[in-house]
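# Chain and residue survey
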Amino acid sequence: MKNLTVTLLGGSGFVGSHLAHQLDAAGYRVRVLTRRRESAKHLILLPHVEVVECDIGDDDQLRTGVAGADAVVNLVGILHERAGATFDVVHGELPRRIVAACRRAAVSRLLHVSALRAGPNAPSAYLRSKGVGEAVVRQSGLHWTVFRPSVIFGAGDRFLTLFANLARRLPVMFLACPDARFQPVWVEDVARAITISLEQPATVGQSYDMCGPKVYTLRELVTYAAHCVGAGPVIVGLNPACSMLLGTVMEWLPIKLLTRDNVLSMQIDSVCDCAIPSIFGFEPTHLEAVAPAYLSGETPRAHYLRFRTYAGR
Ligand SMILES: NC(=O)c1ccc[n+]([C@@H]2O[C@H](COP(=O)([O-])OP(=O)(O)OC[C@H]3O[C@@H](n4cnc5c(N)ncnc54)[C@H](OP(=O)(O)O)[C@@H]3O)[C@@H](O)[C@H]2O)c1
C-alpha cells in the first residue's frame, strides 16, 4: 500500500471508474468525490477506495474534498448542456474553482482530463470550453498534467455501446457526419497513463494527446460495433446539412443522443500524430482486441454497466 491519497472528481463516471480500479490495484488510497453516493456505489467495495458525497459546486465542500490529497484528478465533463450544467460552468468555471481549492488546501499536483482538439478556435462550444479549462490548469502554478483523449472505448463506454445497442434494434440507421475521423483509445490505456503520470515527475507541466493505434471514420466504427453484436443495419450517411438537421431534431428529445454542437465537434478530425506518448512506455491497445467481448455483453462487468447505463447512473 502506498502512503499516497488521490482524490478523483468525476471518479464515478466511465473513465473515473476504470481509473479508480487501477489506482486501487496499484495501492493508492483513492477518494472519489460524487454528487450522489449512489452513482459511485460500484466502487465502494474496492479496498482502498473511499466514496465521499460532495457538492463540488460549493467552494468550501470542494476545498474539504481535496484537502489532504497528494494529487487531484479532474474527470468531470459533459457532452450535452443542461440547466445549471453548461459547458462554461462545467469545463471552464469548475477547473478554475478546483485550482483555487487546491491552492487553499495546499495540494500541488493536479491532473486534468480534457479532450483532443480542444482550444479557442475549435468549431464547437464543447471543445472551446474544454480549451478554457486547459488554459486555466496550465496557468495555475500547480504541478499540472493535461490529458487530451480522442473518443474513449471500453466496458461502459457510451459511444460504441450506444451504436451497438441502436444497431441491435434498428434496420436502418441515419448517421450524422459519417466521414468524421476518430482514433479511439482504450479506457484502460488512458487510466494507465494517468496512473503512470502520478509517479513520473517528467509529466509535470505537460499536455498529452491520447489516441489508439488506428484511425477510423464514424461509419467504419458504427459498422464495426454493429458487426460485434451480430447486427447489420443499413447505414445511411447524411451530408453536412442533413447532419445538422438531425442534430437540431434530436436536441428536442428527452434523452440527448446528438446535438448541433456534437455535429460541430465532428467537423475536425479527432486524430493524433503519435498515439500514446512514449514517456508512458506502452503501446496502445487495438479496438478489435477488446470491443467484441464487451459490446456483445460477454463480460460480467459489461452486463452490470449496461444496467447502470439504462438506469441513467
Ligand atoms: N468518454 C470519452 O469518449 C471522452 C473523450 C474525450 C474526453 N473525455 C473527457 O474525459 C472525462 C471523463 O469522461 P467520462 O466519459 O468518464 O465522463 P462520465 O462518464 O460522464 O463521468 C463524468 C463524471 O463527472 C461528474 N459530473 C457530470 N456532470 C457534472 C456536473 N454538472 N457537476 C459536477 N459533476 C459532474 C459525474 O460524477 P458524479 O455524478 O459522481 O458527481 C460523472 O460521473 C471528461 O472530462 C470528458 O469530457 C471523455
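Everything quoted here is computed from the prediction, not taken from an experiment.

### Things to note about the sheet that holds strand β1 (residues 5-9)
Taken in spatial order, the 7 strands line up as β3-β2-β1-β4-β5-β6-β11 in an open sheet, and their pairing is parallel. The sheet terminates laterally at β3 (49-53) and β11 (206-210), the two strands that pair on one side only. Going from strand to strand, the sheet's axes swing by 20° on average, the running direction of each strand aside. One ladder, built from 3 bridges, connects strand β4 (residues 71-74) with strand β5 (residues 109-113); its direction is parallel. Considered in β5, the bridge of Val73 is made with Leu111.

### Here we look at helix α2 (residues 59-66)
For α2, every residue scored as buried is listed here: Leu62, Gly65 and Val66. Down the axis of α2, the buried set is contained in an arc of 85°. They therefore lie on one face. Elements that come into contact with the buried residues of α2 comprise β1, β2 (29-34), β3, β4 and α3 (87-104). Phi turns positive one or two residues past the end of α2, at Gly68, with a value near 85°.

### Notes on the nonpolar core
If you look at the biggest cluster of nonpolar residues, it comprises 90 residues, and the most contacted ones within it are Leu8, Val72, Val190 and Ala225. It is α3 that contributes the most residues to this core, 7 residues altogether. Among residues more than four places away in sequence, those in contact with Val190 are Val15, Phe147, Pro149, Ile152, Val185 and Met210.

### Side note on the packing of helix α5 (residues 160-169) against helix α7 (residues 218-228)
Contact geometry for α5 and α7: axes closest at 8 Å, N-to-C directions at 60°. The angle between the axes of α5 and α7 places the two elements in the oblique class. As α5 packs across α7, the resulting crossing turns out to be right-handed. The residues of α7 that touch α5, namely those facing Leu160, Phe163, Ala164 and Ala167, are Leu221, Val222, Ala225, Ala226 and Cys228. For the contact of α5 with α7, the class distribution of residues is 9 nonpolar, no polar and no charged.

### Notes on the site of the ligand
What surrounds the ligand is a group of 24 residues, the closest being Gly10, Ser12, Gly13, Thr34 and Gly77. Of the residues forming the shell around the ligand, the biggest block, 3 residues, is contributed by helix α1 (residues 14-25). Each residue belonging to the shell around the ligand can be placed in one class, and the counts come to 15 nonpolar, 7 polar and 2 charged.

### Some words on the environment of Ser243
Considering the arrangement of structural elements, one finds Ser243 in helix α8 (residues 240-250). Those residues within four positions of Ser243 in sequence are excluded, and the remaining contacts are Ala176, Cys177, Leu238 and Val263.

### Thoughts on helix α10 (residues 287-295)
Residues of α10 that are buried: Leu287, Ala291, Tyr294 and Leu295. Axial view of α10: buried residues confined to an arc of 90°, hence all on one face. Positive backbone phi, at 75°, marks Gly297, one or two positions downstream of α10.

### Structural notes on the environment of Val185
With respect to the helices and strands, the residue Val185 is situated in strand β10 (residues 185-186). Taking the C-alpha atoms as reference, Val185 lies 4.0 Å from Gly212; in sequence the two are 27 residues apart. Residues in contact with Val185, not counting those within four places in the same chain, are Pro149, Ser150, Ile152, Val190, Met210, Cys211, Gly212 and Pro284.

### Structural notes on the environment of Tyr216
Following the sequence through the fold, Tyr216 ends up in strand β12 (residues 216-217). The exposure class of Tyr216 is partly exposed, given the 19 C-beta atoms found within 10 Å. Separated by 33 residues in sequence, Tyr216 and Gln183 place their C-alpha atoms 6.3 Å apart.

Rules and cut-offs
Residues numbered from 1 in each chain as written. Predicted model: local features only at pLDDT ≥ 70, side-chain atom pairs only at ≥ 80, totals over all residues. Pairing = 2+ DSSP bridges. Helix = DSSP H or I, 4+ residues; strand = E, 2+ residues; numbered from the N terminus. Axes fitted to C-alpha atoms, helices over the stretch in contact; angles between N-to-C directions. Buried ≥ 20, exposed ≤ 12 C-beta atoms within 10 Å, placed from the backbone. Arc of directions from axis to C-beta. Contact = placed C-beta atoms within 7 Å. Core = buried A, V, L, I, M, F, W, Y, C linked by C-beta atoms within 7 Å. Parallel < 35°, antiparallel > 145°, perpendicular 65-115°, else oblique. Left-handed = near helix turned anticlockwise from the far one by under 90°. Nonpolar A, V, L, I, M, F, W, Y, C, P; charged D, E, K, R; others polar. Near = placed C-beta within 6 Å.

These figures capture arrangement, not role.
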